[in-house]
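# Secondary and tertiary structure notes
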Amino acid sequence: MNINRRSFLMSAGAALTLPVAARADAVPRSLTTRVAQAQLAPEPYPTTEIWGFDGQAPGPILYAKQGARFERRLLNDLHLPTSIHWHGIRIDNAMDGVSGLTQDPVEPGEDFDYAFNLPDAGTYWYHAHSNSYEQVARGLHGALIVTEPEAPDVDREEVLVLDDWRLDSNTAQIDSRFDAWHDLSHAGRLGNLITTNGVSGLTLSTLQHERIRLRLINAANARVFVLSLMGLEGWAMALDGMPLDRPARVESEVVLAPGQRVDLIVDVIAGEGDVSHLAYLSDSGEWWSQVAFPVTGVASSTRRPPPEPLPANPRQSVAGVESTRKAKLVMEGGAMGRLQSASYDGRRLSFREMAEQGQFWALNGTVGRTDTPLIEANLGETIRVEIQNKTAFPHAMHLHGMHFREVHEEGALGPLRDTLLVQRGETREVAFIADNLGDWLFHCHMLAHAASGMSTWLRVN
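Residues numbered from 1 in each chain as written. Predicted model: local features only at pLDDT ≥ 70, side-chain atom pairs only at ≥ 80, totals over all residues. Heavy atoms only, no water.

## Some points on the overall build of the protein chain
Helix and strand counts for the protein chain stand at five helices and 33 strands. The C-alpha radius of gyration computed for the protein chain amounts to 22 Å, which stays within 12% of the reference 23 Å derived for 461 residues, consistent with globular compactness. The principal-axis extents of the C-alpha atoms in the protein chain amount to approximately 70 × 65 × 50 Å. The buried share among the 461 residues of the protein chain stands at 56%. (Helix = DSSP H or I, 4+ residues; strand = E, 2+ residues; numbered from the N terminus. Rg over C-alpha atoms; globule rule 2.2 N^0.38 Å. Buried < 20%, exposed > 50% of the residue type's maximum accessible area, 1.4 Å probe, protein only.)

## Concerning the sheet that holds strand β29 (residues 413–417)
Spatially, six strands are ordered β24-β21-β26-β31-β28-β29 in an open sheet, and the strand pairing comes out mixed. The sheet terminates laterally at β24 (361–363) and β29, the two strands that pair on one side only. On average, each strand axis in the sheet is tilted by 25° relative to the strand beside it, whichever way the strands run. Here strand β28 (residues 404–407) runs beside strand β31 (residues 427–434); their pairing, made up of two bridges, is antiparallel. Counted as the bridge partner of E406 is V430 from β31. (Pairing = 2+ DSSP bridges. Axes fitted to C-alpha atoms, helices over the stretch in contact; angles between N-to-C directions.)

## Things to note about the confidence of the model for the protein chain
Regions with low pLDDT should not have their predicted coordinates read in detail. When pLDDT is averaged along the protein chain, the result is 94, and 94% of the positions lie at 70 or above. This stretch, residues 1–25, has a pLDDT under 50; its non-local contacts, to residues over four places away or in other chains, come to 13 contacts. (pLDDT = per-residue confidence, 0-100. Contact = heavy atoms within 4.5 Å.)

## A look at the packing of aromatic side chains
On inspection of all chains with the given rule, the structure shows eleven aromatic pairs. Summarising the aromatic geometry, the rings of W181 and F360 are spaced 5.6 Å apart at their centres and angled 75° between planes, so their arrangement reads as edge-to-face. One end of the pair, W181, is in helix α3 (residues 181–185); the other, F360, is in the loop between α4 (351–356) and β24, with 179 residues separating them in the sequence. With a centroid separation of 6.3 Å and an interplanar angle of 80°, the aromatic rings of W361 and F393 are classed as edge-to-face. Of the two residues, W361 is situated in strand β24 and F393 in the loop between β26 (381–389) and β27 (395–399); the sequence distance between them amounts to 32 residues. Its relative accessible area of 0% is what places W361 among the buried residues. Take F393: its relative accessible area is 10%, and that puts it in the buried class. Pairwise contacts between aromatic rings join F53, F70, W86, F112, Y114, F116 and Y126 into one cluster. Over the face of the ring belonging to W51 we find R138, whose NZ or CZ atom lies 4.7 Å from the ring centre. (Phe/Tyr/Trp six-rings, centres within 6.5 Å; stacked < 30°, edge-to-face > 60°. Lys NZ or Arg CZ within 6 Å of the ring centre and 35° of its normal.)

## A closer look at the pattern of salt bridges
Applying the stated rule across the entire model yields 29 salt bridges. D418 is paired through a salt bridge with R261; the nearest N and O atoms lie 2.9 Å apart. One end of the pair, D418, is in the loop between β29 and β30 (419–422); the other, R261, is in strand β18 (residues 261–268), and 157 residues separate them in sequence. Comparing D418 with R261, the two get one shared label, buried. A single salt-bridge network, built from bridges that share partners, covers E148, E157, R213, R215 and D263. (Salt bridge = Lys/Arg side-chain N within 4 Å of Asp/Glu carboxyl O.)

Here it is as structure tokens:
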């Protein structure tokens, strides 16, 4: 039998368990992209063919400690190139995983070593970033959890990856029409099956007065999840991995756009024998259970006081907002928009000509990434970006490598995050410190929108 480098490394990794002190020069642990089967739709529907990290959808939950060095080897067993973006991590640019910008795609049968430090605790995730509008929709995503040195006072935590899938109603197989004009030009690819951690109708037993940390991740291609707590009292503790200055009591719906995360601490206030729910607002306007929490007993006869804030991550402040330079980002195009023409591959195309190329969106009059960056910033410079949505649809704008704060009226700053939902007709403004060297993507995380024009980039020197 012939043994190549890759098969040797895989067999060696499986056979050896090294002590921590001996791992400095060891082969990194691997993540393998491959085709697999998953029971997404409830039985008696058949299993669904998915593309998954280690054959799972979502992929395995990856845990690491704040301040640690994180290493993974991507092994690509798909028939197409791929890469991994580590969403929300303030990462070395070469490790950001954007095919065509920060690295070459990993070809079938090849591998790539990711290695980077983890400066921030929080809830993050990883996903394919090569033809991501298809690869993420087929299952190539998972949670990355960076733990604080001291965990908050909770009884347990649950990582909940929210997703939707577009399946054939007869075969339960993934709809392969990823070039559908309607998806590209409207709200994006919306699914017909809602799952949590790859399960439709997830149920997790709980106890009255139990305190649970819920780490919520929206991994959907385009769906904005509108969530409600029923039989649960909760506090928002962190957004997009970054701790809030103080816990914010949940008094209305929680809105989670694609790519966004929220950490909640919830107390179970339903009585024994009842069922609490994390509910979502369905397309029909009805509330349905995202996750059911049947109350099977009593944890305590009394409740805890409200939770204390999570410890702050480093570099959470954004200074110099009042006197910094500003950039503008105008979003145009899509169905029911007024875009007449835009620049694409160096040519001026009418909207009809754009559509014939499968392109429907423009940023500052240009379709897709430009040759020169939207912004070229000096290291440590504070930048403000005004985002104007002139389209008929919402867009979740995600900045790689850095986090920003929204600039409200009279200069007040919102919480630190990496993805902002900009509704139709809105103008919003964000500010960030360009404290991470390299070329960074800035794009809509309705992934069909990014694939059809809504993507730009900036450079930090």
